[in-house]
Amino acid sequence: MRFAVLASGGGSILEAMLDQGLSPYVVCADRHCGALEIAERAGIERLLIERESFDARFDRVGYSNRLCEELLSRDIELIAMAGFMTLLAGRVFEVFGGRILNTHPALLPAFKGAHAVRDAFNMGVKVTGCTIHIATPEMDSGPILAQRAVEVDPSDTIDSLHEKIKRVERELYPEVIRAFLAKEYEVNDPTTAI
Ligand code: GRF
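The structure presented is a predicted model; accordingly, all values stated were derived computationally and were not measured.

A word on the site of the ligand. In the vicinity of the ligand, the contacting residues are Gly 9, Gly 10, Gly 11, Ser 12, Ile 13, Gly 83, Thr 103, Pro 105, His 162, Lys 166 and Glu 169. The contact in question runs from an oxygen atom of the ligand to an N or O atom on the backbone of Gly 10, over 3.1 Å. Between the ligand and the protein, one listed contact pairs an oxygen atom with a backbone N or O atom of Gly 11 at 2.9 Å. With respect to the detected pockets, the ligand is housed in the largest pocket. Sorting the residues of the shell around the ligand by element identifies α1 (12–19) and α6 (158–181) as the ones contributing at least two each. Element by element, the count of residues in the shell around the ligand is highest for α6, at three residues. For the shell around the ligand, a count of residues per class yields two nonpolar, seven polar and two charged.

Structure follows, in structure tokens:
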């Protein structure tokens, strides 16, 4: 199964995938970012589909359709979002439904959204973690495939907590992707893990 990684940030989760022997066919980004540099160093195709705006003028459906066509033209079968900060919409969920994975830095359904680590920290939670789930059009709401907990220490800051969560994401996400590629999850019933 050919898979694509979608990223917007430093790309340490992508790097963990590569270190653990996973080989994405293409790394796609919505902005210039570290993940593209990691892909370049690894000799993986880089696809930059830059967002033209970050405000209300952003054509989310148009952007998602363009991304969808690019992935289809490469016969991609699985999409793994790894810190991709553009919420997708429209046709991509019909074409790739049940085959779009995401890692979220909190224990869903708690703390959805782009500021999950900060929100959990400010709430004073003592335990948080990460969630690997199937992405659906509603943000951070699809079926959960795996979760791992992280304890919040009194000495933690938002940054140190995020780094602790990323440490577990770097272990867990590659495991889930590997299982998904090995078809250990039923695509039509993604909650059924073997
Ligand atoms: C991860 O914590 C991911 O869950 C969040 O962004 C972070 C990506 O980290 N959405 P990196 O860019 O792979 O280092």
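Now that the structure has been shown, we can carry on.
The subject of this paragraph is the nonpolar core. If you look at the biggest cluster of nonpolar residues, it comprises 39 residues, and the most contacted ones within it are Phe 3, Met 17, Leu 101, Tyr 173 and Ile 177. Take this core: its biggest share by element is nine residues, from α6. If we ignore the near neighbours within four places in the chain, the residues touching Leu 101 are Leu 78, Ile 79, Ala 80, Met 81, His 133, Ile 134, Leu 145, Tyr 173, Ile 177 and Phe 180.

Bringing the packing of aromatic side chains into the picture now. Going through the model one piece at a time under the given rule, you end up with one aromatic pair. Between Phe 58 and Tyr 63, the ring centres sit 5.6 Å apart and the planes meet at 55°, which makes this aromatic pair tilted. Residue Phe 58 is classed as buried on the basis of its relative accessible area, which comes to 9%. When its relative accessible area of 4% is taken as the criterion, Tyr 63 is described as buried. The ring of Tyr 25 has Arg 2 lying over it, and the distance from NZ or CZ to the ring centre is 3.9 Å.

The subject of this paragraph is the layout of surface pockets. Using a probe with the size of a water molecule, rolled over the atoms, empty space left in the structure can be pinpointed. Size it by volume and the largest pocket reaches roughly 880 Å³. Around the largest pocket sit 42 residues that line it, and Gly 83, Phe 84, Met 85, Pro 105 and Ala 114 are the ones nearest its centre. Elements supplying a minimum of two residues to the lining of the largest pocket: α1, β5 (100–104), α5 (116–123) and α6. Across the lining of the largest pocket, the residue classes tally to 18 nonpolar, 15 polar and nine charged.

Once that is clear, we can look at the environment of Asp 59. Tracing the sequence through the fold places Asp 59 in the loop between β3 (45–48) and α3 (60–73). Along the sequence, Asp 59 and Ala 89 sit 30 residues apart, while their C-alpha atoms lie 9.9 Å from each other.

Relative to the helices and strands, Arg 99 is located in the loop between α4 (92–95) and β5. Here Arg 99 is buried and forms no salt bridge, its nearest opposite-charge partner Glu 77 lying at an N-O distance of 5.5 Å. Among the polar contacts listed, one links the side chain of Arg 99 to the backbone oxygen of Val 95, at a separation of 2.8 Å.

This paragraph deals with α1. Among all positions of α1, only Ile 13, Leu 14, Ala 16 and Met 17 are buried. Take α1 and look down its axis: the buried residues cluster within an arc of 160°, on one side only. Considering only its buried residues, α1 is in contact with β1 (3–7), β2 (26–29), α2 (34–42), β5 and α6. A positive phi of about 85° marks Gly 21, the residue just after α1.

Here we come to the side chain of His 104. Its location among the elements puts His 104 in strand β5. The contact partners of His 104, leaving out residues within four places of it in the chain, are Phe 111, Lys 112, Gly 113, Ala 116, Gly 129, Cys 130, Thr 131, His 133, Asp 140 and Glu 169.

Reading the values: the criteria
Residues numbered from 1 in each chain as written. Predicted model: local features only at pLDDT ≥ 70, side-chain atom pairs only at ≥ 80, totals over all residues. Heavy atoms only, no water. Near = heavy atom within 4 Å. Polar contact = N/O pair within 3.5 Å; in protein donor to acceptor, adjacent residues only side chain to side chain. 1 Å grid on protein atoms, 1.4 Å probe; cavity = no way out; pocket = protein on both sides within 12 Å on 5 of 7 lines; lining within 4 Å. Sits in = over half its atoms within 2 Å of the grid points. Helix = DSSP H or I, 4+ residues; strand = E, 2+ residues; numbered from the N terminus. Nonpolar A, V, L, I, M, F, W, Y, C, P; charged D, E, K, R; others polar. Core = buried A, V, L, I, M, F, W, Y, C linked by side-chain atoms within 4.5 Å. Buried < 20%, exposed > 50% of the residue type's maximum accessible area, 1.4 Å probe, protein only. Contact = heavy atoms within 4.5 Å. Phe/Tyr/Trp six-rings, centres within 6.5 Å; stacked < 30°, edge-to-face > 60°. Lys NZ or Arg CZ within 6 Å of the ring centre and 35° of its normal. Points joined across faces, edges and corners; volume = space filled by probe spheres on them. Lys, Arg positive; Asp, Glu negative; His and termini not counted. Salt bridge = Lys/Arg side-chain N within 4 Å of Asp/Glu carboxyl O. Arc of directions from axis to C-beta.

It is worth stressing that arrangement in space is one thing and function is another; only the former is reported here.
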